[in-house]
Amino acid sequence: MLQFRIRSIWTLVVVVGTWILPAEAQPRGASWRRRPNFLILLADDLGLGDLGCYGNSTLRTPNIDRLAQEGVKLTQHLAAASVCTPSRAALLTGRYPIRSGMVSSEGQRVLQWAAASGGLPPQEVTFARILQDAGYLTALVGKWHLGLSCASLGDHCHHPLSHGFQRFVGTPFSAMGECTQWVLTQKLGRLRAGLHVLLRPLCPAVLAMAAGHLLRPTRLPRAPVLWASLAAVLLSAASVLLGPLVARADCFLMRNHSVTQQPLRAPGVATLMLREAAHFLHSARRSPFLLVVSFLHVHTPLVTGPRFLGSSPHGIYGDNVQELDWMVGEVLGMLEAEGLREDTLVYFTSDHGGSLEAQVDGQQYGGWNGGYRGGKGMGGWEGGIRVPGIFRWPGQLEAGRVIHEPTSLMDVFPTLCYLAGAEPPRDRVIDGRDLMPLLSGSPGRPPHEFLFHYCEDVLHAARWHPARGGPVWKVHYVTPNFRPGAGACYGLPVCPCSGPGVTPHDPPLLFDVSGDPGEARPLTPRAEPRFWRVLGRVARAVARHRGTLRAAALQLDAPRSLWDPRLQPCCGGFPCRCDREPFFGAA
Ligand SMILES: *[C@@H]1O[C@H](CO)[C@@H](O)[C@H](O)[C@H]1NC(C)=O
């Protein structure tokens, strides 16, 4: 009885309180009980079809599957780009990467060097910045790949700490690539190819000279030939010696502004990241916080600890996915141990789809995109951009809800802003939409009627889900040319976005991705009476979108994309070697 009375008094207080509080004093996020913490789990290159909760029956991903059961699962969650750097820029800023200039027009799909001057421009606003300004403790653990310095070593204008994170431990670059022999060989190959290009024009000249000398009956005929051969040998040797230096140039760990391990000890990174996450969660447990755990998994070279090596039926790639899942479980366990489960919105995603071209001798080193066409690096095909998307917030979001509506990784930005009681910036276009109405099941307009799918700075495709309902249409203006008879650009590291390696379509290809998610059957005007109407409507939306673009300096084009020796972080003096991180062993 007493309890009942107390409860009714409370109800009265709450009702009257809500009624008398002036409406404008309540930021939009205030309709949620209190500001949640945010834990963002970002996988690298993970395919949608690699996870049990998205239909994989042969890999074991129990921790991510449980997250999906306890939360909301998005089935049409789309990355704004099909490669790392632009997709991550879009996630953090809520804007198409072409707005921030985080794309190239020259085929450099991502930042190529830690010591390049390109990167996320200082004037871009990330959700980490907004949350920090709103009183959150913010940290990034793991991969950044959005640049380091602009003009001088250590200005760190693109560094995570200049973009709203108060703590950073991880790899400023996509470091794993260079840290083992596997990719080192690739980079060496690239260097050799570069040298080859340099030397090729010299060859005819050298041959002509050699022939001339051989024909001339003098006593010093072969000297120029000998010198040229010697030079070629020296250059070749230099490229072999340069290899490890190239590795060291990109492959290092930073703790805030200091380089603490160069080169990176790849096998220890997983355990190091987990320890850092645990440490941060413990120290931040009493304040609202944002923790972004940006995994190096499941990008090549797939460094996997002994515990998971050989654990899957899908080779080293599958083993690495299972290790990723274990790491996710560990971080969620830490959250639980700190008693933060109920107060934390957890989000899991991947920066883009799995790479189909990552194959060696028929063995797959990239992800499975679950029946969607294409993969990493292909601007518009679904397999490169449709990624896992899971939101869990116990008690606030209905467990087990599945949403098929198109959503974007860019939506994270405004969603987090509103939940933190902050407003997204008004001085720029934000392309993401607040997802809370959709996630919490309130009726209303879907977040996106149109989404645009870029490949570098070229618009490859656009998607339309009419506000009044009906199928999701997808229009392809440009598609990459696959290797004949194959479903990818095998032989290249990644498909091109423009030039002779792509096909422009006029009229564009039209698909109904609701009925034909594999994009196998392009519609024709005869089979689809709405054909021209849909194309016209999407073309108008594209024109309107283009009208909102402002010229931005392209950060991934030369000269910003080139290695700049002045910007090269180097720890412990030449030849850049140091290790100030404890080694806790492999996972
Ligand atoms: C599960 O993922 C692996 C690794 O990407 C893939 O090879 C396999 O085909 C997938 N299995 C199913 C049933 O989707």
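Bear in mind that the values here come from a model prediction, so they are computed numbers and not experimental data.

Thresholds, definitions, all that
Residues numbered from 1 in each chain as written. Predicted model: local features only at pLDDT ≥ 70, side-chain atom pairs only at ≥ 80, totals over all residues. Heavy atoms only, no water. Pairing = 2+ DSSP bridges. Helix = DSSP H or I, 4+ residues; strand = E, 2+ residues; numbered from the N terminus. Axes fitted to C-alpha atoms, helices over the stretch in contact; angles between N-to-C directions. Buried < 20%, exposed > 50% of the residue type's maximum accessible area, 1.4 Å probe, protein only. Contact = heavy atoms within 4.5 Å. Polar contact = N/O pair within 3.5 Å; in protein donor to acceptor, adjacent residues only side chain to side chain. Near = heavy atom within 4 Å. Areas by Shrake-Rupley, 256 points an atom, 1.4 Å probe, with all protein chains shown as cover. Parallel < 35°, antiparallel > 145°, perpendicular 65-115°, else oblique. Left-handed = near helix turned anticlockwise from the far one by under 90°. Nonpolar A, V, L, I, M, F, W, Y, C, P; charged D, E, K, R; others polar. Core = buried A, V, L, I, M, F, W, Y, C linked by side-chain atoms within 4.5 Å. Salt bridge = Lys/Arg side-chain N within 4 Å of Asp/Glu carboxyl O. Disulfide = S-S within 2.5 Å.

Turning our eyes to something else, we now look at the sheet that holds strand β14 (residues 450-455). Taken in spatial order, the four strands line up as β14-β15-β16-β17 in an open sheet, and their pairing is antiparallel. If you trace the sheet from one side to the other, it starts and ends with β14 and β17 (502-512), each paired once. If you compare each strand with its neighbour and ignore which way they point, the axes differ by 20 degrees on average. Pairing geometry for β14 and strand β15 (residues 458-464), over six bridges, is antiparallel. Counterpart to His453 in the pairing with β15 is Ala461.

Judged by how many residues are buried, strand β4 (residues 167-171) sits mostly within the fold: four of five residues are covered. In terms of strand pairing, strand β3 (residues 137-143) meets β4 through five bridges, oriented parallel. If you follow Leu140 over to β4, its bridge partner there is Phe168. Pairing of β4 with strand β5 (residues 253-255), which is carried by two bridges, proceeds in the antiparallel orientation.

So, on to the environment of Gln166. Counting through the fold element by element, Gln166 comes out in the loop between β3 and β4. We classify Gln166 as partly exposed; its relative accessible area is 32%. C-alpha of Gln166 to C-alpha of Ala128: the two residues are 38 residues apart in sequence and 8.9 Å apart in space. In this structure Gln166 touches Gln132, Tyr136, Leu137, Thr138, Leu161 and Asn256, once residues within four positions along its chain are discounted. At 2.7 Å, the side chain of Gln166 and the backbone nitrogen of Thr138 are in polar contact.

Let us look at the site of the ligand. Taken together, Gly49, Asp50, Asn56, Ser57, Thr58, Leu59, His314, Tyr317 and Trp368 are the residues near the ligand. His314 places a polar side-chain atom, nitrogen or oxygen, 3.3 Å from an oxygen atom of the ligand. Between Trp368 and the ligand, the recorded distance is 3.1 Å, taken from a side-chain N or O atom to an oxygen atom. Surface burial for the ligand is 74%, taken as the share of its 360 Å² of free accessible area covered by protein chains.

Viewed as axis vectors pointing N to C, helix α10 (residues 269-283) and helix α11 (residues 315-337) meet at an angle of 20 degrees, and their least axial separation amounts to 10 Å. On the basis of their axis angle, the class for α10 and α11 is roughly parallel. For the crossing formed where α10 meets α11, the hand is right-handed. Taken together, the residues of α11 that come into contact with α10 (itself represented by Ala270, Leu274, Ala277, Ala278 and Leu281) are Trp326, Met327, Glu330, Val331, Met334 and Leu335. Counted by class, the contact of α10 with α11 contains ten nonpolar, no polar and one charged residues.

This part takes up the pairing of β15. Most of β15 sits out of view: six of its seven residues are buried. From the end of β14 to the start of β15, which pair antiparallel, there are two residues, and Glu456 there has a positive phi angle of about 50 degrees. In terms of strand pairing, β15 meets strand β16 (residues 473-480) through four bridges, oriented antiparallel. Opposite Ala461, over in β16, you have His476 as the bridge partner.

This paragraph deals with the nonpolar core. Of all hydrophobic cores here, the largest spans 53 residues; its most connected members are Leu39, Leu41, Leu46, Leu291, Leu324 and Phe348. Of all the secondary-structure elements, those providing two or more residues to this core are β1 (37-43), α2 (62-70), β3, α10, β7 (289-294), α11 and β8 (344-350). Per-element accounting of this core gives the leading share, ten residues, to α11. Beyond its immediate sequence surroundings of up to four residues, Phe348 is in contact with Leu41, Ala43, Leu46, Leu51, Ile64, Leu67, Leu324, Val328, Pro388, Gly389 and Ile390. In terms of nonpolar packing, the next biggest core, distinct from the first, is built from 52 residues, Ala89, Ala114, Tyr136 and Val292 among them.

The final tally for this structure, using the stated rule, is 26 salt bridges. Across the pair Glu336 and Arg341 runs a salt bridge, and its minimum N-O distance is 3.7 Å. As a salt-bridge pair, Glu449 and Arg445 come within 3.7 Å of each other at their nearest N and O atoms. Looking at Glu449, the relative accessible area reads 22%, which means it is partly exposed. Using a relative accessible area of 67% as the deciding quantity, one classes Arg445 as exposed.

Glancing now at the state of the cysteines. Note on terminology: a disulfide is the covalent bond linking the sulfur atoms of two cysteines. One pass over the full model with this rule turns up five disulfides. The residue that forms a disulfide with Cys150 is Cys157, at a sulfur-sulfur distance of 1.9 Å. Of note, the bridge from Cys150 to Cys157 carries an S-S torsion of about 95 degrees and is right-handed in sense. Using a relative accessible area of 30% as the deciding quantity, one classes Cys150 as partly exposed. According to the relative accessible area criterion, Cys157 is buried, its value standing at 12%.

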